[in-house]
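Examining the three-dimensional arrangement
The lines below spell out each chain.
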Amino acid sequence: MPKPILKVRDLHKSFGDLHVLKGVSFDVYEKDRVAILGFSGSGKSTLLRCLTRLVEPDKGDIWIDGIHVTSPNAPLDKIRKITAYVFQRFNLWPHLRVIDNVTLALRIVHGIPKEEAEKIAEKVLRRVGLEDKMYNYPGELSGGQQQRVAIARALAINPKIIFLDEPTSALDPDLIAEVLSILDDLAKEGRTMVIVTHELDFVQDAANRVMFLYNGKIVEEGPTDEVLSKPKHPAFRRYLRRLLHRLEKPV
Ligand SMILES: Nc1ncnc2c1ncn2[C@@H]1O[C@H](COP(=O)(O)OP(=O)(O)OP(=O)(O)O)[C@@H](O)[C@H]1O
Ligand SMILES: [Mg+2]
């Protein structure tokens, strides 16, 4: 039986009067690739950031790998060691070479000596096909290549779970394909991932479960094929129609 690596119960978050998350609950099991869908402004990024308390939730419980993240004395350093984020914009350090971008967290957060950290960095950069860009600066790379560095950096720490927030939305279509193929490989390797994305092709291909966040709650959830072929909630149907309509528009 796969074990739940992430458990979320009755999560709430407001910004002033804006009640963004109104009781979100779900489980993510080992090797799950969960896609979180939702309209713009529905709280997907807020939800992802709450999961490791990059944003402080107001109420609710979260467990990651058995650690009670929302307890007041939770070991946040430990939690950050077993989780990794890939954001929409690549968040690479522009003044550091690619290899140093990857080794930084290994050395500082994980205390791994330089030489060993560089070996790991070389391995993960090869993994995403960037062995020939190791000594370049991020500004010398294409958007897709930069996003691959961000993915390599996430992989370097061998996290139990990777959170990806619209990893392809800042990219041109040909670069999107490049990043999606790497995410596809990671899915095949059995990495546990939670991905916010609007890329339906990718969802179909790489996610085994889909959740739809609407009005502060998960209103639809289930296996990808089932949820996409028989959407039930009216808002989810509207969302899918909109995405499909966008796909059909001439480029
Ligand atoms: N730090 C903040 N302070 C105030 N309001 C915020 C803050 N962060 C997010 N919000 C608001 O919370 C709501 C949810 O934002 P969030 O970024 O989570 O949405 P999203 O689903 O990720 O949207 P998108 O698809 O456009 O990325 C939005 O109305 C946003 O303006
Ligand atoms: Mg967002």
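Attention here is on the structure that accompanies the text. (Residues numbered from 1 in each chain as written. Chains lettered and ligands numbered in written order. Predicted model: local features only at pLDDT ≥ 70, side-chain atom pairs only at ≥ 80, totals over all residues.)

**Details of the overall build of the chain**
The criterion, for reference: By definition, any uninterrupted DSSP run of H or I lasting at least four residues is a helix, any uninterrupted run of E lasting at least two residues is a strand, and each is numbered from the N terminus. C-alpha atoms define the radius of gyration, and 2.2 Å times the number of residues to the power 0.38 defines the globule rule. Backbone-placed C-beta atoms define the burial measure: a residue is buried with 20 or more other C-beta atoms within 10 Å of its own, exposed with 12 or fewer, and partly exposed in between.
When helices and strands are tallied, the chain shows nine helices and 10 strands. In terms of overall dimensions, the chain is globule-like: its C-alpha atoms have a radius of gyration of 18 Å, near the 18 Å expected for 251 residues. For the chain, the C-alpha atoms occupy an extent of roughly 55 × 50 × 40 Å along the three principal directions. By residue count, 39% of the 251 residues in the chain fall in the buried class.

**Examining the nonpolar core**
Keep this limit in mind: Any nonpolar core is a set of buried residues, restricted to Ala, Val, Leu, Ile, Met, Phe, Trp, Tyr and Cys, that join up through C-beta atoms within 7 Å. An automatic or database domain assignment is the source of the domain bounds shown. What counts as a contact is two residues whose backbone-derived C-beta atoms lie within 7 Å of each other.
Counting residues in each nonpolar core, the largest one holds 68 residues, and the members touching the most others are Ile36, Val102, Leu125, Ala152 and Val194. In this structure, this core is formed jointly by two domains, domain 1 (1–82 + 183–251) and domain 2 (84–158), each of which donates at least three residues. Among all residues touching Ala152, those that are not within four sequence positions of it are Val102, Val124, Leu125, Arg127, Val128 and Leu130.

**Focus on unusual backbone geometry**
Phi at Arg53 takes a positive value of approximately 65 degrees, unusual for a residue other than glycine. By the element assignment, Arg53 lies in the loop between helix H1 (44–50) and strand S4 (59–64). Of note, the phi angle at Asp65 is positive, near 50 degrees, even though the residue is not glycine.

**Here we look at the site of ligand 1**
For clarity, the threshold we go by: For each residue, a C-beta atom is positioned from the backbone; the residue is called near a molecule or strand if that atom sits within 6 Å of it. When residues are sorted by character, Ala, Val, Leu, Ile, Met, Phe, Trp, Tyr, Cys and Pro go into the nonpolar class, Asp, Glu, Lys and Arg into the charged class, and all the rest, Gly among them, into the polar class.
Inspection of the region around ligand 1 gives Phe15, Leu18, Val20, Gly38, Ser40, Gly41, Ser42, Gly43, Lys44, Ser45 and Thr46 as its neighbouring residues. Of all the secondary-structure elements, those providing two or more residues to the shell around ligand 1 are strand S2 (18–29) and H1. Ranked by residue count, the leading element in the shell around ligand 1 is H1, at three residues. Residues belonging to the shell around ligand 1 are distributed by class as follows: three nonpolar, seven polar and one charged.

**Description of helix H6 (residues 173–189)**
As a reminder of what qualifies: In this analysis, the expected span of each helix is defined as 1.5 Å times one less than the number of residues it contains. When we speak of the arc, we mean the arc of directions from the helix axis to the C-beta atoms.
Between its first and last C-alpha atoms H6 spans 25 Å; for 17 residues at 1.5 Å apiece the expected length is 24 Å, and the two agree. Residues Ile176, Val179, Leu180, Leu183, Leu186 and Ala187 constitute the buried set of H6. Angular distribution of buried residues about the axis of H6 spans 115 degrees; they occupy a single face of the element. Away from the buried face of H6 by more than 90 degrees, exposed residues Asp174, Lys188 and Glu189 are located. Positive backbone phi, approximately 90 degrees, marks Gly190, located one or two places after H6.

**A short note on the sheet that holds strand S3 (residues 33–37)**
Filter applied, for reference: One requirement defines pairing of two strands: DSSP has to find at least two bridges between them. Lines are fitted to the C-alpha atoms to define the axes, a helix being fitted only along its stretch in contact, and any angle between axes, read from their N-to-C directions, falls within 0 to 180 degrees.
A sheet is described by the order of its strands in space; here six strands give the open sequence S6-S7-S8-S3-S9-S10, paired in mixed fashion. Each end of this open sheet is capped by a strand with a single partner; those strands are strand S6 (83–86) and strand S10 (217–223). In this sheet, neighbouring strand axes are inclined to one another by 15 degrees on average, regardless of whether the strands run parallel or antiparallel. The pairing of strand S9 (residues 209–214) with S10 spans six bridges and is classified as antiparallel. Each bridged residue has a counterpart across the sheet, and for Arg209 the counterpart in S10 is Pro223. Helix H5 (residues 143–156) rests against S6 and strand S7 (161–165) of the sheet, and its axis sits at about 175 degrees to S6.

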